[in-house]
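Residues per chain are reported as follows:
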2 protein chains.
Amino acid sequence: MVVFAGQGDARRSLSLLWRAEVAAPPRVGPGPRPRLSVDAIVAAAVAIADEEGMAALSMRAVGERLGRTAMALYTHVPGKSELLDLMYDAVHAELPSVYPESEPDDWRAPLTAWAGEVLEFYVRHPWVLQVSQARPVLGPHEYANLDTLVRLLGATGLPARTVRRLVGTLFPLVQGSARTVADARRAARATGSSDEEWWAARAAALTELVPDFAERFPAVVRLEREGAPDPYPEDAEREDLPYPEREARETFRVGLGVLLDGIDAARAGQGPATDTGRP
Amino acid sequence: MVVFAGQGDARRSLSLLWRAEVAAPPRVGPGPRPRLSVDAIVAAAVAIADEEGMAALSMRAVGERLGRTAMALYTHVPGKSELLDLMYDAVHAELPSVYPESEPDDWRAPLTAWAGEVLEFYVRHPWVLQVSQARPVLGPHEYANLDTLVRLLGATGLPARTVRRLVGTLFPLVQGSARTVADARRAARATGSSDEEWWAARAAALTELVPDFAERFPAVVRLEREGAPDPYPEDAEREDLPYPEREARETFRVGLGVLLDGIDAARAGQGPATDTGRP
DNA sequence: CGAAGTTACTTTACGGCGTAAGGAGTCGCA
DNA sequence: TGCGACTCCTTACGCCGTAAAGTAACTTCG
């Protein structure tokens, strides 16, 4: 009728994402009372993805969990990819937005806390790392988290251009670590022995098929021999964790520390590496 | 018959991955001459993934491209996931292993070159970033690339433990940037205007549905206003590239630079952030 | 030289997936 | 009271990975 023609798709997705913000008419009109809701669908889908992984997430599975058929979902949600967007944004609501500074002008502690919080978040919901971000989701809770990070990075005093680029650096770092931690945790859950068997079979076959491995990849072999040892005293608090996960978390700590050191260097010099205008 | 019972799976996968190394009997025996080969199958699969993306990669599609049926592949390859492993390792053969130093003891230039090379590699084969690494592939070319990185990092003089952790930091960084560059490039290919339309519809719907966006996410809004401008003189060489890709590449450069600055700091101090043993 | 055995590939089929199309039942309102 | 809007269900289509069984090509052995 009026001018809105054609853009229905973007509007539909976005109004679902921001549905809490839009004043919800308190349900009138004809038709049977709905026994399903967007929130219930999203919650069921998230539960499946959390418990059984992304591969087990199907429209039929979500419907079954709610005691409905798969097709019933399509009344409330345009399709699976939009449902994924909704799941993605919904879980991001778990992330806090306030990170106290331990002392005035302390940007490092809040940033570290933010990264740690996001790491735990990804480990709780590893499927989030598999949601394609080819086109951004643009939901409220993702924006809130982004806003938080930008605010914390702003405290470094670095120019907006640099902040923008550090955002694009911090996210992959945390995500990469989260993937490793999540994998370590999954491997630890897998019957314990069966996973070791897998590795044993793999290693045996490798040494048999590639007897000259050590000569061909000396650096890797040396690293595996020298790089792995002694859990650090600091991790005593975490002694409950299995070794691979401790390793992964330590990698995260070190990587983040190095990056923050680099930010510090950029701050001090106002940026040999960040300001690209040569003198 | 003999002792090898049970472990056939790992052996099968690994001997396929390392098949070039294993002395190939020059084909004798009965039966029709094979018109298909592992290499041909892997090449066809890689071509499909490169050209049409991971979603278009199906056993039927690979078979069709080779003028065979899908089931014909199963004579040469155990299944789709093993084929993915083979594709993954095959393309890694493109990565060089020698990165010259510009001057003696220069670890920074080779590392930067390595990261750049790997970035271009991921941009050429973005589907590689979608191959699940829950269990490592353990192929020869992946090992070669890993060995190269470890060697280059070894030149920093940092202890093996730290090197090990930096490996786990550098890969996600490059992969994250590669994802962004690849997305930017794909967006640029998509008819040009249609992608802008998508954004326009999105933005219009957003401002309509969330009129108080600027008040709720002030940091994000400020960043978008201030962080985006002026392409740098250094990028003149790249003036051919569309703006989003230039942005993504600049993010990569800056992020990597900051991380290398952090490594430099760790080297200088032998590590406030990397050596975790408190004094 | 022919039968037997091995191998490469095809055909058919099964149970999954996302979702289009159409039908059945429930409710508010004219 | 009945119309129209609405929720949910049934059925069906064309994809997917791959198991099972059949066919034809080829070497080897009797």
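Residues numbered from 1 in each chain as written. Chains lettered and ligands numbered in written order. Predicted model: local features only at pLDDT ≥ 70, side-chain atom pairs only at ≥ 80, totals over all residues. Heavy atoms only, no water.

For chain A, an unreviewed UniProt entry supplies the name TetR family transcriptional regulator and the organism Streptomyces microflavus.

Colleague: Is there a simple way to think about the pattern of salt bridges in this case?
Modeller: Two side chains carrying opposite charge are able to pair once their charged atoms lie near each other. Applying the stated criterion across every chain yields a total of 25 salt bridges over all chains. The salt bridge partner of Glu-208 of chain B is Arg-11 of chain A, with a shortest N-O separation of 2.6 Å. Here the residue Glu-208 of chain B occupies a position in helix H8 (residues 193-209), and Arg-11 of chain A occupies one in helix H1 (residues 8-17), the pair thus bridging two chains. Arg-124 of chain A is the salt-bridge partner of Glu-94 of chain A, the closest N and O atoms lying 2.9 Å from each other. Remark: Arg-124 of chain A occurs in helix H6 (residues 108-124) and Glu-94 of chain A occurs in the loop between helix H5 (80-92) and H6; sequence separation between them is 30 residues. (Salt bridge = Lys/Arg side-chain N within 4 Å of Asp/Glu carboxyl O. Helix = DSSP H or I, 4+ residues; strand = E, 2+ residues; numbered from the N terminus.)

Colleague: When you look at the UniProt feature "DNA-binding region" (unreviewed entry) in chain A in this model, what are you seeing that I'm missing?
Modeller: In the numbering adopted here, UniProt assigns the feature "DNA-binding region" (unreviewed entry) to residues 58-77 of chain A. For the annotated span residues 58-77 of chain A, helix accounts for 55% and strand for 0% of the residues, and the straight-line distance between the end C-alpha atoms is 14 Å. (UniProt positions renumbered as here; feature names shortened; annotations may be inferred.)

Colleague: Teacher, can you tell me more about the interface of chain A and chain B here?
Modeller: Interfaces are frequently sized by the accessible area removed from exposure as the parts join. Listed by partner, the interface residues are 78 residues for chain A and 77 residues for chain B. Both faces considered, chain A and chain B share a buried interface measuring about 7,600 Å² in area, 64% of it formed by carbon and sulfur atoms. Broken down residue by residue, the surface that chain A buries against chain B is led by Arg-135, Arg-164 and Arg-165 of chain A, which jointly contribute 10%. Taken together, chain A and chain B are joined by 7 salt bridges. Remark: the boundary between chain A and chain B carries 11 residue pairs in polar contact (both at pLDDT 80 or more). For the side of chain A that touches chain B, the secondary-structure elements that each account for two or more residues are H1, helix H7 (140-154), helix H8 (160-189), helix H9 (193-209), helix H10 (213-216), helix H11 (218-226) and helix H12 (243-269) of chain A. The dominant element in the side of chain A that touches chain B, judged by the number of residues it contributes, is H8 of chain A, at 14 residues. When grouped by side-chain class, the residues that make up the side of chain A that touches chain B number 40 nonpolar, 13 polar and 25 charged. (Contact = heavy atoms within 4.5 Å. Buried area = accessible area lost by both parts, 1.4 Å probe. Polar contact = N/O pair within 3.5 Å; in protein donor to acceptor, adjacent residues only side chain to side chain. Nonpolar A, V, L, I, M, F, W, Y, C, P; charged D, E, K, R; others polar.)

Colleague: How should the packing of aromatic side chains be read in this particular structure?
Modeller: To describe a pair of aromatic rings, one takes the distance between the centres and the angle between the planes. A full pass over the atoms with the stated rule returns 16 aromatic pairs over all chains. When the centroid spacing of 6.3 Å and the interplanar angle of 55° are considered together, the rings of Trp-18 of chain A and Phe-213 of chain B count as tilted. Pair noted here: Trp-18 of chain A is in the loop between H1 and helix H2 (38-52) and Phe-213 of chain B is in helix H9 (residues 213-216), and the two residues belong to different chains. Exposure class is identical for Trp-18 of chain A and Phe-213 of chain B. Each is buried. Seen in terms of ring centroids, Tyr-143 of chain A and Phe-217 of chain B are 5.6 Å apart; in terms of plane orientation they differ by 35°. Their pairing is tilted. Note that Tyr-143 of chain A is positioned in helix H7 and Phe-217 of chain B in the loop between H9 and helix H10 (218-226), a pairing that runs across two chains. Feature note: the residues Trp-18 and Tyr-143 of chain A together with Phe-213 and Phe-217 of chain B constitute an aromatic cluster, connected by ring pairs. (Phe/Tyr/Trp six-rings, centres within 6.5 Å; stacked < 30°, edge-to-face > 60°. Buried < 20%, exposed > 50% of the residue type's maximum accessible area, 1.4 Å probe, protein only.)

Colleague: What am I meant to see in the protein's contact with DNA strand D here?
Modeller: Pro-32, Arg-35 and His-76 of chain A together with Arg-60 and Tyr-74 of chain B are the nearest of the 26 residues found near DNA strand D. Expressed as a percentage, the sugar and phosphate content of the atoms of DNA strand D within 4 Å of the protein is 63%. At 3.1 Å, a backbone N or O of Gly-31 of chain B approaches a base oxygen of DNA strand D. Within the side chain of Arg-33 of chain B, a nitrogen or oxygen atom sits 3.1 Å from a phosphate oxygen of DNA strand D. The set of elements that each furnish at least two residues to the surface near DNA strand D consists of helix H4 (70-73) of chain A together with helix H3 (59-65) of chain B. Here the surface near DNA strand D is composed, by residue class, of 12 nonpolar, 8 polar and 6 charged. (Near = heavy atom within 4 Å.)

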